[in-house]
Amino acid sequence: MSNGAGAAGAGTDIEQLDAPPPISAELRAKILADPNIAKMAAELEMDLDEFVNTVGYYMNNPGVEPAFLVVSDENLRKMGVEPPTAEAIEASVRASVEAFKAGQSPSGFDDARKKGVDLSAQGGEAVKIKADPDLEDAIKKGRTPSKP
């Protein structure tokens, strides 16, 4: 169903879905091939089918923005959820800002590396390799199969 009324929908239609629509069997199989899908659904306390359909819905509709729902404190309590305090919300926002800052700061791996030591400037002679003819013959014999 579509709703174009109200301040939130002024001039735009907002699609309201009670549950994501079913997806094709091929897409379902592709999503379920990821071993983390069941873990994510469990972590979010969602039914696996509903979670797979939700993921599939957003894969099929990449331009759709996830819904942001505002629920009153009274309705949250009716649902068995204690609403967060203003202090808890502020702490969460501050922690998120700090996490963003930490992710944007350079790591120690980004610093310029010191130039390596140049050994050729110190002189000396190159190592001369002496070939062992017996070893070379043994290798050649080992590479070619012997004829019966």
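Residues numbered from 1 in each chain as written. Predicted model: local features only at pLDDT ≥ 70, side-chain atom pairs only at ≥ 80, totals over all residues. Heavy atoms only, no water.

S.K.: Looking at this structure, how should I read the environment of Glu 82?
M.R.: Relative to the elements of secondary structure, Glu 82 occurs in the loop between helix 4 (73-78) and helix 5 (86-104). Judged by its relative accessible area of 57%, Glu 82 is exposed. A polar side-chain atom of Glu 82 sits 3.5 Å from a polar atom in the side chain of Arg 77. (Helix = DSSP H or I, 4+ residues; strand = E, 2+ residues; numbered from the N terminus. Buried < 20%, exposed > 50% of the residue type's maximum accessible area, 1.4 Å probe, protein only. Polar contact = N/O pair within 3.5 Å; in protein donor to acceptor, adjacent residues only side chain to side chain.)

S.K.: Would you take a moment to explain the side chain of Asn 53 for this structure?
M.R.: One can find Asn 53 in helix 3 (residues 48-60). Discounting chain neighbours no more than four positions away, the residues touching Asn 53 are Pro 20, Pro 21, Pro 22, Ile 23 and Arg 28. (Contact = heavy atoms within 4.5 Å.)

S.K.: Even after reading the chapter, I still don't get the confidence of the model for the protein chain, so can you show me in this structure?
M.R.: Residues shown with low pLDDT carry predicted positions that ought not to be read at fine detail. Across the protein chain, the average pLDDT comes to 77, with 73% of residues at 70 or higher. Between the elements of the protein chain, mean pLDDT differs from a low of 38, seen in strand 1 (residues 2-3), to a high of 93, seen in helix 1 (residues 25-32). Low pLDDT, under 50, characterises residues 1-14; the predicted model gives this stretch 14 contacts beyond four residues in sequence or across chains. (pLDDT = per-residue confidence, 0-100.)

S.K.: Before we go on, may I ask you to explain the nonpolar core in this structure?
M.R.: The biggest cluster of nonpolar side chains holds 7 residues, and these are Ile 23, Leu 27, Ile 31, Ile 37, Ala 41, Phe 51 and Val 52. Within the residue set of this core, elements represented by two or more residues are helix 1, helix 2 (36-43) and helix 3. For Ile 31, the residues in contact, after removing those within four places along its chain, are Ile 23, Ile 37, Val 52, Val 55, Gly 56 and Met 59. (Core = buried A, V, L, I, M, F, W, Y, C linked by side-chain atoms within 4.5 Å.)

S.K.: Looking at this structure, I do not really get the pattern of salt bridges. What am I missing?
M.R.: Any two side chains of opposite charge can pair if their charged atoms end up close together. All chains considered together, the criterion is met by 5 salt bridges. Residue Arg 94 is joined to Glu 90 by a salt bridge in which the shortest nitrogen-to-oxygen separation is 2.8 Å. Of this pair, Arg 94 and Glu 90 are both found in helix 5, 4 residues apart, which corresponds to roughly one turn of the helix. The class of Arg 94 is exposed, set by a relative accessible area of 54%. Accessibility expressed as a relative area gives 41% for Glu 90, which makes it partly exposed. Note that Lys 101 is salt-bridged to Glu 98, the shortest N-O span being 3.7 Å. On the criterion of helical spacing, the pair formed by Lys 101 and Glu 98 is a turn pair, its members being 3 residues apart in helix 5. (Salt bridge = Lys/Arg side-chain N within 4 Å of Asp/Glu carboxyl O.)

S.K.: Teacher, can you tell me more about helix 3 here?
M.R.: For the α-helix, the turn length of 3.6 residues means that residues three or four positions removed from each other point alike. With 13 residues, helix 3 ought to run about 18 Å at 1.5 Å a step, and its terminal C-alpha atoms sit 18 Å apart, in line with that. Residues of helix 3 that are buried include every one of Phe 51, Val 52, Asn 53, Gly 56 and Tyr 57, and no others. Two or three places before Asp 49, at the opening of helix 3, Asp 47 has a side-chain oxygen 3.2 Å from that residue's backbone nitrogen. (Expected span 1.5 Å × (residues − 1).)

S.K.: I keep staring at the packing of helix 2 against helix 3 and nothing clicks. Help me out?
M.R.: Packed helices, taken two at a time, are described by the angle their axes make and the gap between the axes. Orientation of helix 2 relative to helix 3, taken along the N-to-C sense of each, is 110°, at an axis distance of 9 Å. One finds that helix 2 runs roughly perpendicular with respect to helix 3. Of the residues in helix 3, those in contact with Ile 37, Ala 38, Met 40 and Ala 41 of helix 2 are Leu 48, Phe 51 and Val 52. Residues that form the contact of helix 2 with helix 3 fall into these classes: 7 nonpolar, no polar and no charged. (Axes fitted to C-alpha atoms, helices over the stretch in contact; angles between N-to-C directions. Parallel < 35°, antiparallel > 145°, perpendicular 65-115°, else oblique. Nonpolar A, V, L, I, M, F, W, Y, C, P; charged D, E, K, R; others polar.)

S.K.: Before we go on, may I ask you to explain the packing of helix 1 against helix 3 in this structure?
M.R.: Where helix 1 meets helix 3, the closest approach of the two axes is 10 Å, and the angle between their N-to-C directions is 110°. Our classification of the angle between helix 1 and helix 3 gives roughly perpendicular. Judged by residue contacts, Leu 27, Arg 28, Ile 31 and Leu 32 of helix 1 engage Leu 48, Asp 49, Val 52, Asn 53, Val 55, Gly 56, Met 59 and Asn 60 from helix 3. Looking at the contact of helix 1 with helix 3 residue by residue, the classes come out as 7 nonpolar, 3 polar and 2 charged.

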